[in-house]
2 protein chains.
Amino acid sequence: MPSYQQVALVGVGLLGGSIGLALKERGLAAEVIGVGRHREKLDRAVEQGILDRHSTDLATGVAEAEVVVVCTPVDVAAETIALAAQQAPAGCLVTDVASTKGTVVAAVEAILAKGGSNATFVGSHPLAGDHRSGADFSRADLFAGRTVVVTPTDSTSTEATVRAEAFWESLGATVERLSPDQHDAALAITSHLPHLVASALATSTPETIRSLVATGWLDTTRVAAADAALWRQIFSSNRSQVLAALDRYREHLEVLRRALVDEDDAQLEQLLAEGKRIRDAVGN
Amino acid sequence: MPSYQQVALVGVGLLGGSIGLALKERGLAAEVIGVGRHREKLDRAVEQGILDRHSTDLATGVAEAEVVVVCTPVDVAAETIALAAQQAPAGCLVTDVASTKGTVVAAVEAILAKGGSNATFVGSHPLAGDHRSGADFSRADLFAGRTVVVTPTDSTSTEATVRAEAFWESLGATVERLSPDQHDAALAITSHLPHLVASALATSTPETIRSLVATGWLDTTRVAAADAALWRQIFSSNRSQVLAALDRYREHLEVLRRALVDEDDAQLEQLLAEGKRIRDAVGN
C-alpha cells in the first residue's frame, strides 16, 4: 500500500524528476503530479515514468496533494513555496529542495505569517545532484544513502518536521536536522566553496595547455560545469557565508604557499598529509 | 611477434605495474623484468601477470633490456635513471615517468655527459594515474587514450625521441613533445595546482560538518587523497612554476571574490559561465 495518495512536484528538473522516479519505483505514491511551465517537458516526464499526470497551473496541481515538494531554482523558491502552501489543502506538507535556506525559509515564513494557508511548511535540502541538470538525468536512486538536511525554525511544528524527515527517509536518504543558518554556514564550506574553487581553477588554465590535463584537474574542476545561472543564485542568496568560507580557504592556501616559498618541505608534506587524512576519512 | 625482446621496469608501483600489464596484454614484450627493493612485492607482481621475472639488483635487471622505464619516486629518479643508463647495454632506450622534468632531465644529462653510458635517454611523463598508489591498482588500459609528454633536449637524438614516442603509442597513448621547462610550466597548472587547491579545500573543512559534503566537494578534493610524500617531491622539484601557477589562480579567485563582495551578480554569473565553458570544452 502506498504511503501517499498524491504527491505534487513543482518544478520537474533533475531533483523533481528523481523524486518522482523514486516515489514510483518504491511504490510510495499512488499518484505523482508534476507542475511546470513547459507542457512538452511535462509530457516527456510522464513518458519517462516520472509523473502520472501534470498541470501547468500551480493551484490545480497541488489542490489534492498530501505532500508538495517545490523544486524550482533558488531565486523563485520562496514565492513558489508560499503560493503552493496557500493553494494546498489543509494538513498538506509543503517542503522544497533549495540549496540555501536562510533567505528562502525566512521569506516563506514572513508571507505565511500573514495567513491564507492551512498547509504546513518545513524547508529541506537534499545533498544530492549532478553537474548536469534537467529531468532527463533523473535517477530513482539519487537520494539513496545521501544526506537530506531538514531545516525547521522556532515556528515549525515538530509534527511537520517529523513528516518531512519520514518523506526523505522513504526515498532512502539519511536526514540531518539543522537551523536554516547552521545549514547555510555549513553548505557554504561543503558545497558552495568547492564550486568557486573549481571555477577559478578552470578559468586560470590557458587554452593552449588544456590537452595536458589529467585525472586530478578533471576531478577538481568537474563541478564548474554546473549551470552558471543556478549557481549565481546560490551564491547571491548565501553571500556572507560564502565569503567567510572563501576567506578561511584562502588562509589555508596561504599556509601551503608559505611552505613552498620558504622551501619548508617538512611543513609542506605535513600539510599535504593532513589534507589526505581528511579526504581519506570522508571516503569516496 | 613482440616489438621488444625485453623491457625492464625499475620500480613496480601503479605506473610500472600498469606498463607491465599493458606490455603483456598487448603482446608487445617477450619478457618484462621488474627491478625493485622488496622481493615479496616483486613476487606478487609476477603472480599478477605484471612481470615475467624480477631482480633486486639494478645492474642485473637491465643488463639485456632493449627498453628501460624508470618508475621510481621523483626524488630518486635522476640518480636511478643515470645508473640504469650506465648499466644498460649499448643502444638501449632509457626513459622514465617522473612528474616533473626540468630538474630530473638536467641532472641525468649532467651525469651522463661525464660518460660511462652507451644507452640513450629521453624523459617521459604519462598523464595517467590514480589517487591510489601501488602495483595492486595497476590497469592494462591506464595509458589508453591518455597523453604522454616526451621531453627531449638539445642533446637528445631524434632517433631516441622517436623510439620513446613509439613505445608509449604502442601502449595506446597519444604523445606530445615538449621541452622539460615547457612541460613543467604546463603541468604546474594542469596537475600540481589542482592538488594544492584540493588539499587546502580538504583542510579548510571542519570535522563537525563533514557529513554534509556532497558530490561537488568529493570531486573537488579527491586528488588530495594521493600520497603526501610523493606530492611533496613533485612540488619541491617544480617550486617556482607551481608558485607562478598558484599566484595566477589566486588572481582568478580574487576576481570571483570581488564580484561577490560588490554584489555584482552579472559579473559573477559571467565568470561562472566562463568556468563552465572551459570545463565543458575539456570533457569528462
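Our subject in this report is the structure included herewith.

What counts, and where the lines are drawn
Residues numbered from 1 in each chain as written. Chains lettered and ligands numbered in written order. Predicted model: local features only at pLDDT ≥ 70, side-chain atom pairs only at ≥ 80, totals over all residues. Least-squares fit on C-alpha atoms with pLDDT ≥ 70 in both. Contact = placed C-beta atoms within 7 Å. Helix = DSSP H or I, 4+ residues; strand = E, 2+ residues; numbered from the N terminus. Nonpolar A, V, L, I, M, F, W, Y, C, P; charged D, E, K, R; others polar. Pairing = 2+ DSSP bridges. Axes fitted to C-alpha atoms, helices over the stretch in contact; angles between N-to-C directions. Expected span 1.5 Å × (residues − 1).

Now for the relation of the copies chain B and chain A. Two chain copies here: they are related by a rotation about an axis and a translation along the same axis. Note on the identical chains: chain B maps onto chain A by a rotation of 180° and an axial translation of 0.0 Å, with an RMSD of 0.0 Å. The symmetry that links the two subunits is that of a two-fold axis. The rotation axis passes nearest to the C-alpha of B:Thr220 in chain B, at a distance of 1.9 Å. By residue overlap, the copies meet face to face through one surface: 100% of the interface positions of chain B are interface positions in chain A.

Once that is clear, we can look at the interface of chain B and chain A. How big an interface is tends to be reported as the loss of accessible area on association of its parts. The interface is formed by 73 residues belonging to chain B together with 73 residues belonging to chain A. At the level of secondary structure, the elements contributing two or more residues to the side of chain B that touches chain A comprise strand S8 (147–151), helix H7 (180–203), helix H8 (215–221), helix H9 (228–236), helix H10 (239–261) and helix H11 (265–282) of chain B. Among the elements that make up the side of chain B that touches chain A, the one with the highest residue count is H7(B) (16 residues). The residue makeup of the side of chain B that touches chain A, split by class, is 41 nonpolar, 18 polar and 14 charged.

Residue and element names in this part refer to chain A. Strand order in the open sheet made by the 3 strands is S7-S8-S9, with mixed pairing throughout. The open sheet is flanked by strand S7 (123–126) and strand S9 (174–177), the only strands paired with a single partner. Averaged over all adjacent pairs, the angle separating strand axes in this sheet is 25°, with direction ignored. Note that S7 and strand S8 (residues 147–151) share 4 bridges and pair antiparallel. What sits directly across from His125, in S8, is Val149.

Let's shift gears to H10(B). Counted at 1.5 Å a residue, the expected span for H10(B) with its 23 residues is 33 Å, and the 32 Å between its end C-alpha atoms agrees. Residues of H10(B) that are buried sit in contact with helix H7 (180–203), helix H9 (228–236) and helix H10 (239–261) of chain A together with H7, H9 and H11 of chain B. Positive backbone phi, at 55°, marks B:Glu263, one or two positions downstream of H10(B).

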